[in-house]
Amino acid sequence: MKTLVKNIVVVCGLAALVVSCGPTKKELQANIDSLNVELAQVNSEMENVMGILNDVQEGFQQINEAENRVNVSNAENAPANVKEQIKADMAFIQAKMKENRERIAELEAKVEKGDKNAAALRRTIKNLKAELAAKAEQIAALQAELEAKNVRIQQLDTQVANLTNDKNALTAKNAANEQVIANQDKAMNTAWYIIAKRKELKEQNILKMGDVMEQADAVKDGFTEIDIRNVAEIPVGAKKARLLSAHPEGSYEIVKGADELAVVKILDAQAFWSVTRYLVIRAK
């Protein structure tokens with residue numbers, strides 16, 4: 001897809017150069033050469049990425065084939081040469097797992113340094129990592145079965161432990177990332193409001209000389225925390241109300257509720273909270 005976009009850019013660039021009336025033949029050729037070099041670099045990068053993906057998929061296929069060769073049911077009473085073959089197959093599996101893990105990390109590093117919007121490739125990497133983690137579990141289970149059949153593959157014990165640790169680390173990292181996203185989402189949609197009479201606002205250093213103090217957002221005591229996505233109306237609990245904090249005109253209105261008490265009705269949440277996330281309501 002990226003190559004296609006680059007090809008389009010090249011074609012559009014050439015077309016623009018052809019129809020322009022300014023550049024000389026030499027300048028035109030220089031621009032064409034520059035575009036060709038850039039296109040060649042993009043093609044090279046894409047070929048490299050596709051090569052890594054092919055290597056990883058081939059690695060998984062080879063791992064599956066080696067797993068199929070390991071016959072656990074007859075391993076306990078198998079002759080020495082069969083047990084040696086099992087060990088060889090398990091060693092091969094571990095080597096391929098290590099290779100796939102490194103290649104996926106290489107691919108992930110390329111994406112991080114390159115196009116931050118490569119969503120499709122990021123999903124592919126996520127799926128490959130999940131497949132790697134699932135395969136690690138299968139291999140650990142296979143190792144346990146072999147040990148139960150008295151087929152000890154001691155040189156693989158550390159590698160299996162490392163795979164388990166990798167899986168646990170990946171799970172922890174994913175959980176941490178999800179928590180970070182949740183925290184960011186919460187922070188982006190959190191606001192605070194306070195409803196009080198003039199005297200109370202002055203006592204809390206929120207109101208001075210008729211104006212809301214700039215440090216009002218640092219005074220959390222008395223404020224109620226809300227999720228702006230879920231709050232469209234705020235009952236005042238008084239007959240009259242006035243907003244002392246800055247909120248764009250037209251983004252809200254003060255209406256009477258069923259009990260004839262004032263209600264702050266937010267008409268446009270995005271605009272309403274665009275200036276400040278601290279709402280100061282003076283009750284009258």
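Thresholds, definitions, all that
Residues numbered from 1 in each chain as written. Predicted model: local features only at pLDDT ≥ 70, side-chain atom pairs only at ≥ 80, totals over all residues. Heavy atoms only, no water. Salt bridge = Lys/Arg side-chain N within 4 Å of Asp/Glu carboxyl O. Helix = DSSP H or I, 4+ residues; strand = E, 2+ residues; numbered from the N terminus. Buried < 20%, exposed > 50% of the residue type's maximum accessible area, 1.4 Å probe, protein only. Pairing = 2+ DSSP bridges. Axes fitted to C-alpha atoms, helices over the stretch in contact; angles between N-to-C directions.

For the rest of this paragraph, the subject is the pattern of salt bridges. Per the stated rule, a full pass over the model turns up six salt bridges. In this structure, the salt-bridge partner of Lys96 is Glu99, at a minimum N-O distance of 3.6 Å. Of this pair, Lys96 and Glu99 both sit in helix α3 (residues 80-113), three residues apart, which is roughly one turn of that helix. Residue classification places Lys96 among the buried positions, given a relative accessible area of 17%. Judged by relative accessible area, which is 35%, Glu99 ranks as partly exposed. Among the ionic pairs, Lys129 bridges to Glu108, the shortest N-O distance being 3.1 Å. In this pair, Lys129 is assigned in helix α4 (residues 119-148) and Glu108 in helix α3, connecting sequence segments 21 residues apart. Its relative accessible area of 24% is what places Glu108 among the partly exposed residues.

Taken in spatial order, the three strands line up as β5-β8-β7 in an open sheet, and their pairing is antiparallel. Looking at the sheet topology across the chains shown, the edges are occupied by β5 (233-235) and β7 (252-256). Between one strand axis and the next, the sheet turns through 25° on average, direction left out of account. The pairing of β7 with strand β8 (residues 262-266) spans five bridges and is classified as antiparallel. Note that in β8 the partner of Tyr252 across the bridge is Ile266.

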